[in-house]
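# Tertiary structure, described
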Amino acid sequence: MASTYLLCLGLGFLILFHACFAQIAQGTDATREQQQQQQRFQTQCNIQDLNALEPQQRVESEAGVTEFWDQNDEQLQCANVAVFRHRIQQRGLVVPSYTNTPELFYVVQGIHGAVFPGCPETYQESQQRSSESQSRSQDQHQKVRQIREGDLVALPTGSANWIYNDGPSELVVVALVDVGNSDNQLDQFLRKFYLGGNPQPQLQGYSQSQGSRYQGSQGGEGGDRSRRGGNLFRGFDERLLAEAFNANPDLISKLQGPQMQKGIIVRVEEELRVLSPQRGREQEQEQEQEFQGSGDNGIEETICTMKLKHNINDPSGADAYNPRGGRVTTVNRFNLPILRYIQLSAEKGNLYQNAMMAPHWNLNAHSVVYITRGNGRMQIVAENGENVFDGQIREGQLIVVPQGFAVVKRASNRGLEWISFKTNDVAMTSQLAGRASVIRGLPLDVIQNSFQVSRDEAQRLKYNRQELTVFSPGPRSQ
Amino acid sequence: MASTYLLCLGLGFLILFHACFAQIAQGTDATREQQQQQQRFQTQCNIQDLNALEPQQRVESEAGVTEFWDQNDEQLQCANVAVFRHRIQQRGLVVPSYTNTPELFYVVQGIHGAVFPGCPETYQESQQRSSESQSRSQDQHQKVRQIREGDLVALPTGSANWIYNDGPSELVVVALVDVGNSDNQLDQFLRKFYLGGNPQPQLQGYSQSQGSRYQGSQGGEGGDRSRRGGNLFRGFDERLLAEAFNANPDLISKLQGPQMQKGIIVRVEEELRVLSPQRGREQEQEQEQEFQGSGDNGIEETICTMKLKHNINDPSGADAYNPRGGRVTTVNRFNLPILRYIQLSAEKGNLYQNAMMAPHWNLNAHSVVYITRGNGRMQIVAENGENVFDGQIREGQLIVVPQGFAVVKRASNRGLEWISFKTNDVAMTSQLAGRASVIRGLPLDVIQNSFQVSRDEAQRLKYNRQELTVFSPGPRSQ
Amino acid sequence: MASTYLLCLGLGFLILFHACFAQIAQGTDATREQQQQQQRFQTQCNIQDLNALEPQQRVESEAGVTEFWDQNDEQLQCANVAVFRHRIQQRGLVVPSYTNTPELFYVVQGIHGAVFPGCPETYQESQQRSSESQSRSQDQHQKVRQIREGDLVALPTGSANWIYNDGPSELVVVALVDVGNSDNQLDQFLRKFYLGGNPQPQLQGYSQSQGSRYQGSQGGEGGDRSRRGGNLFRGFDERLLAEAFNANPDLISKLQGPQMQKGIIVRVEEELRVLSPQRGREQEQEQEQEFQGSGDNGIEETICTMKLKHNINDPSGADAYNPRGGRVTTVNRFNLPILRYIQLSAEKGNLYQNAMMAPHWNLNAHSVVYITRGNGRMQIVAENGENVFDGQIREGQLIVVPQGFAVVKRASNRGLEWISFKTNDVAMTSQLAGRASVIRGLPLDVIQNSFQVSRDEAQRLKYNRQELTVFSPGPRSQ
């Protein structure tokens, strides 16, 4: 499962931002401002038992399948996020769509594309290339980005994007839609606005079909209506659209109801031809942007050139590494500045067999953990000292560690890997054991008296485990 | 309906801000800080049908009338705003009041006044002028601002303000009270605190009378009590106020219950005399402040001198202009810096006959549209591709376009003008058609496959409409 | 009641913040970012009657008692805060704990300690001192801070802290837990996570026991379970903890259930020995930090050395002082920069006998008032001009003045002192009477017409009370 998947991605997304766009492009205050939206929606976190979750709903498209976790599950309600997974077949294209809240997704395998509002169509076919393919006219479009396994991709609120799998096998993407984000001014339900295809209703706000959203409107015309689905153009009057596009009604009716199978993942017959730099060169560019962005004033970076992705699975980027235990990598506003505007971050963990992640709590974020490989054991403890989860977790499962709750992860003898989406752009954790733990920071006398232990015992609690974050399997591990 | 209306406005509003005011006045961090309150209250947006709304409640005062839109309407609930309209007769004075949330209002016709906390009483009668009117003593008070048709006025949370109509005819003001704003720490109901007059209860939180706010308290004493109304001084003990003002009880009882008709719009017998610079000179001053404010660090601008208004109907300020279609003007934090602290912005649209505003969606804001003149047709489409509004709108009506929803406006042969209040200080839109549209940014192959159209058709969708934001009536328009 | 109480405080709190901590320590953007979380949770503020509140629940520990105000009271619900009071006996140690939201507390009498994530263990026993006490091994731990009467202490979200009373008599601390703060991503109930001791369930989320939180789960196993209580370690598997701490199971079982009486305030048999600078020197250090912090860019200050406390009862720091009336002191983000990150501030008032605090309203914050000494009369007036409180308040009582509501305080002949916690880091008030009042800023003609008074009367309202904030008892006072 090497990172040989190649996807071409381009976000179709232009903005009407009267008179002010120039200033945004200069990146002065607009970006600083957007980052300040941080309060989350009110949640219900009466959590007594957590479960490792599998997706609950599966929606088939022509060239792939989209699976949703149950947004009404109490742990996703508490974290106030929706999670889904695309499985995109070879030459599958996920049609352009946008959401009223930021998204973060992780490429378990495979590509993707994003374009910013008002950004110029900088990708332009040269005369030369054009002449090679006589039958094809010249094209120009916004920047297209390539994505590979291990990439974390950030999508700002309301920006349209599409994904194409040009790799040799299935592309799998797990996405967090942060409906609790302050950018969301609607309610807490997932909403996807599709700019093409023939989306089923479940894809547009899948909880509708479960009766939770349109309560009481399921019977009668309302219920029927909400089951029709369709892309965004369908709702407009044909003649108004014909006028807007200055096109004939026949073409408009194709826009409103494409002659294709149900769904949002379309099979491209020939290969999808988009302009895209060589992969090597593109990475160079990204690195340049990263350099600019990680300075104190990432602000100067313009939105149009902003870096949207970061490979979080690259061993050379690990923040904590224990040759006998594994590694942990964090992507937050410091190494991916776009995250400051969407108030999210992520952590990738790779534990070797029987290794352990130091028990800790999240100070200022929820942690939405998706297991990418292997299996292991997790325990999560609430404020009353009761564990709300104690069990096995395995590849493909999801679990939420709520803010403040304490958690420990231990790999099986097959190892354990995960991606954690965190609801804060600088998510912080505090460890309960190890060299950087809260116990280490306490005076011995406070430990002695808090636990009624001897001075010698207090010292053992403080100093026996010298490792930092990833603990190697000790003599006590089975 | 030329802009000949003249109103004198002055906000009475001084603040007790111990020891720190100096720093605010220096505009260092305080302003930067206030701007960071951006998350909105949680809303319910289960919207299946929108309607063009007329005001539902009408409250008469001596010299004018105040009309409220129904705050319980589902579209205003979703946008989480309250809207009202003052119709102020000649020489009508709206007594000073404040609200626990920011306000934005638009002068359909007519004036207004605002004073900032702790700002010096910089308007002082000179000896000379004073001696001219022997019978009158000298006065000094805080800055008073004049307002004319087309002005957009921003009022920070908790600041008191009054409005006086010194023009030759009725003054009409439409106000958005952003109860969903993060500055509001109470609940989501409109609350007006009056510092004078004899306000009816409906004016103080009109929804009370509709049973929605004080549920279960309508019967019995509670219900009776809430119907009494009265200004803020009425609630204090007469003797405590007498001591606070060092005044005799007779005067205090006038403060608590002025001998005047019910209401908040008082008829001034002679003309209201306030100190106010020549209109020409005042505009000069405003322009100076605008210049300072639009720099990268509007922060340096002090609150006391901060510009509160911007004429959004001035053709020379249009951001998009199509001689055959009309114009669109935006006021946001870049051209009216106070907006960054109250997290709101506005758009004024003027469409000529049969012209069309490009179909688009709002990325990060609701748009609360009030029709100021003419009529036309609007369509609004939800995420499931169903239109939730398809109908005529006309002068004086209000409609909400929720975040993410797609919308198109088309003028009748009488033209169409509107003011849109937006719940973000840098509201952004993305167009579906035209030269700056999302379709234009997509590669041709993505369009082809998303809509199952030919390459030639994809090109027509991308390039047939070359105009930007305001579309002139095409050959296809009726 | 001189400030002779001496407490040693140290927060045990180390953080796992991969790769990014260095940048936080440089205080560049991380701190700027945290400050931007400002929107509060949605509240219910249908307030018709307020009461002066006494604590409702009392939980005994070995060496002290913790008293909670009823979080379900409508005024605390409106302000969205929880309040409790520790009464800590001599040599009492409150075991380390943390909360998922910021806290602010005031030392009515007595000490406390806090440590920041990832900060080095800078307090290290010297060889010399160590050799004096041969039987004791060397210790090193994070910074410990001393606290005295009149100190206001700020605790960032999720940071662990402990308190020890090394004074000669009881230490009393009143704490505001700002559950409505945007840092809180869980729900609106108080949650305390204890890292030691044997906490009763009421201490961990006391409202549980009142049925409000775990509604419907009181019967059966759920209810029983939530009554067990216990510290955070109890929830983990013994063997996992043994592996994490690399310690034997016997020691771990002490960690999970210390052999001590119920509770969180432990009696220390000998004196608690922690490393702490001389009190005089420590104050010097704090002043240095204050100096750095109060500049325009408090940002440069690192979190590890950040000042957490400010003595708000020091007469020399008064912001308003009237030799015949008393004084008012404000602590906000300008004189205690940590407050910008936790979005809270405070006001200390000391009124002499029969003096009066100018009637005013809070523009942008709730004010949670705790009476520290004496008694007096308060009136609070809602937007409809009705008073929602008119009565006596005395030492130990609590009352909320909601945002926008007008309030007046008048001392009895025994004087009146209070601490007000405010839900904004730059809380602002606007006065109704006095030299800095809103009335003073209005033109005479507006006053005349708003209250239907003569010009002479309008002048008396404007100018009769020349004092600023604290009014001396006038000839009209009884």
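Rules used in this analysis
- Residues numbered from 1 in each chain as written.
- Chains lettered and ligands numbered in written order.
- Predicted model: local features only at pLDDT ≥ 70, side-chain atom pairs only at ≥ 80, totals over all residues.
- Heavy atoms only, no water.
- Helix = DSSP H or I, 4+ residues; strand = E, 2+ residues; numbered from the N terminus.
- Buried < 20%, exposed > 50% of the residue type's maximum accessible area, 1.4 Å probe, protein only.
- Axes fitted to C-alpha atoms, helices over the stretch in contact; angles between N-to-C directions.
- Parallel < 35°, antiparallel > 145°, perpendicular 65-115°, else oblique.
- Contact = heavy atoms within 4.5 Å.
- Nonpolar A, V, L, I, M, F, W, Y, C, P; charged D, E, K, R; others polar.
- Disulfide = S-S within 2.5 Å.
- Phe/Tyr/Trp six-rings, centres within 6.5 Å; stacked < 30°, edge-to-face > 60°.
- Lys NZ or Arg CZ within 6 Å of the ring centre and 35° of its normal.
- Polar contact = N/O pair within 3.5 Å; in protein donor to acceptor, adjacent residues only side chain to side chain.
- Salt bridge = Lys/Arg side-chain N within 4 Å of Asp/Glu carboxyl O.
- Pairing = 2+ DSSP bridges.

By the naming in an unreviewed UniProt entry, chain A goes by Glutelin type-A 1 and is assigned to Citrus sinensis.

## Observations concerning the overall build of chain A
Assigned secondary structure in chain A consists of 13 helices and 26 strands. Within chain A, buried positions represent 72% of all 478 residues.

## Thoughts on the packing of helix 8 (residues 249-256) of chain A against helix 13 (residues 455-463) of chain B
The contact between helix 8 of chain A and helix 13 of chain B brings their axes to 11 Å, and the two run at 90°. What the angle tells us is that helix 8 of chain A and helix 13 of chain B run roughly perpendicular. Across the interface between the two elements, Leu251(A), Lys254(A) and Leu255(A) from helix 8 of chain A touch Glu457(B), Arg460(B) and Leu461(B) from helix 13 of chain B. Taken together, the residues of the contact of helix 8 of chain A with helix 13 of chain B break down into 3 nonpolar, no polar and 3 charged.

## Focus on the state of the cysteines
By definition, a disulfide links the sulfur atoms of two cysteines through a covalent bond. Residues and elements named next belong to chain B. Enumeration according to the criterion identifies 3 disulfides over all chains in this entry. Two residues share a disulfide in this structure: Cys-45 and Cys-78, whose sulfurs sit 2.0 Å from each other. A torsion of 95° about the S-S bond marks the disulfide between Cys-45 and Cys-78 as right-handed. On the criterion of sequence distance, the pair formed by Cys-45 in the loop between helix 2 (30-34) and strand 2 (57-61) and Cys-78 in helix 3 (residues 74-79) is long-range, its members being 33 residues apart. The residues Cys-45 and Cys-78 share a single accessibility class, namely buried.

## What to know about the packing of aromatic side chains
Counted according to the given criterion, the structure contains 21 aromatic pairs over all chains. Relative to Trp361(C), the ring of Tyr98(B) has its centre 3.9 Å away and its plane inclined at 5°; by these criteria the two rings are stacked. Within this pair, whereas Tyr98(B) is found in strand 5 (residues 92-99), its partner Trp361(C) is found in strand 20 (residues 356-362), the two belonging to separate chains. Across this residue pair, the class does not change: Tyr98(B) and Trp361(C) are buried. Pairing Trp69(C) with Tyr370(C) gives two aromatic rings, centres 5.9 Å apart and planes at 90°, and the pair type is edge-to-face. Residue Trp69(C) shares its accessibility class with Tyr370(C), and that shared class is buried. Linked through ring pairs, Tyr98(A), Phe193(A), Trp361(B) and Phe405(B) together constitute an aromatic cluster. Residue placement shows Arg333(A) over the ring face of Phe334(A); its charged tip is 5.4 Å from the ring centre. Taking NZ or CZ as reference, Lys409(C) lies 4.3 Å from the ring centre of Trp418(C), over its face.

## Side note on the side chain of Asn100(C)
Mapped onto the elements, Asn100(C) comes out in the loop between strand 5 (92-99) and strand 6 (103-109). At 2.9 Å, the side chain of Asn100(C) forms a polar contact with the side chain of Asn184(C). Contacts of Asn100(C), omitting those with residues within four sequence positions, involve Gln403(A), Thr157(C), Asp183(C), Asn184(C), Leu186(C), Arg191(C) and Phe193(C).

## Some points on the pattern of salt bridges
The full count for this structure, using the stated rule, is 69 salt bridges over all chains. One salt bridge in this structure joins Lys254(A) and Glu457(B), with 2.6 Å as the shortest N-O distance. With one member in each of two chains, Lys254(A) in helix 8 and Glu457(B) in helix 13 form a pair that bridges those chains. Exposure remark for Lys254(A): the relative accessible area of 27% places this residue in the partly exposed category. Looking at Glu457(B), the relative accessible area reads 12%, which means it is buried. Taking the shortest distance from any N to any O, the salt bridge between Asp151(C) and Lys309(C) comes out at 3.8 Å.

## A few points about unusual backbone geometry
Of note in the backbone geometry, Gln452(A) takes a positive phi value of approximately 55° without being a glycine. Inspection of the secondary structure puts Gln452(A) in the loop between helix 12 (444-451) and helix 13 (455-463).

## Focus: helix 12 (residues 444-451) of chain C
Most of helix 12 of chain C is tucked away, with 8 of its 8 residues classed as buried. Taken together, the buried positions of helix 12 of chain C are Leu444(C), Asp445(C), Val446(C), Ile447(C), Gln448(C), Asn449(C), Ser450(C) and Phe451(C). Lining the buried residues of helix 12 of chain C we find strand 5, strand 12 (161-165), helix 8 (249-256) and strand 15 (265-267) of chain B together with helix 11 (438-441) and helix 13 (455-463) of chain C. Positive phi shows up at Gln452(C), right after helix 12 of chain C, with a value of about 55°.

## Topic: the environment of Glu270(C)
Residue and element names in this part refer to chain C. Here Glu-270 lies in the loop between strand 15 (265-267) and helix 9 (279-293). Judged by relative accessible area, Glu-270 falls into the exposed class, the value being 52%. Ignoring any residue separated from it by four or fewer positions in sequence, one finds Glu-270 in contact with Arg-91 and Tyr-164.

## As for the packing of helix 12 (residues 444-451) of chain B against helix 13 of chain B
All names here are of chain B. The contact between helix 12 and helix 13 brings their axes to 9 Å, and the two run at 105°. One element, helix 12, and the other, helix 13, form an angle in the roughly perpendicular class. Here Leu-444, Asp-445, Ile-447 and Gln-448 of helix 12 lie close against helix 13, whose contacting residues are Arg-455, Ala-458, Gln-459, Leu-461 and Lys-462. Classifying every residue of the contact of helix 12 with helix 13 by side-chain character gives 4 nonpolar, 2 polar and 3 charged.

## Details of the side chain of His86(A)
Residue and element names in this part refer to chain A. Tracing the chain through its elements places His-86 in strand 4 (residues 82-88). Taking relative accessible area as the criterion, His-86 reaches 6% and is therefore assigned buried. At 3.0 Å, the side chain of His-86 and the side chain of Thr-66 are in polar contact. Beyond its immediate chain neighbours, meaning those up to four positions away, His-86 contacts Val-65, Thr-66, Val-94, Ile-163, Leu-171, Val-172, Val-173, Ile-264 and Ile-265.

## Digging into the pairing of strand 12 of chain B
Residue and element names in this part refer to chain B. Strand 12 sits mainly inside the fold: 5 of its 5 residues count as buried. Side chains of strand 12 alternate between two faces, with Asn-161, Ile-163 and Asn-165 and Trp-162 and Tyr-164 buried alike. Where strand 5 lies against strand 12, 3 bridges are found, and the strand directions are antiparallel. From the neighbouring strand, Val-94 faces strand 12, where its bridge partner is Ile-163.

## What to know about helix 7 (residues 238-245) of chain C
All names here are of chain C. Judged by how many residues are buried, helix 7 sits mostly within the fold: 6 of 8 residues are covered. Put simply, Asp-237 is the residue that caps the front of helix 7, since its side-chain oxygen is 2.9 Å from the backbone nitrogen of Arg-239. After helix 7 finishes, the residue Asn-246 shows a positive phi value of roughly 50°.

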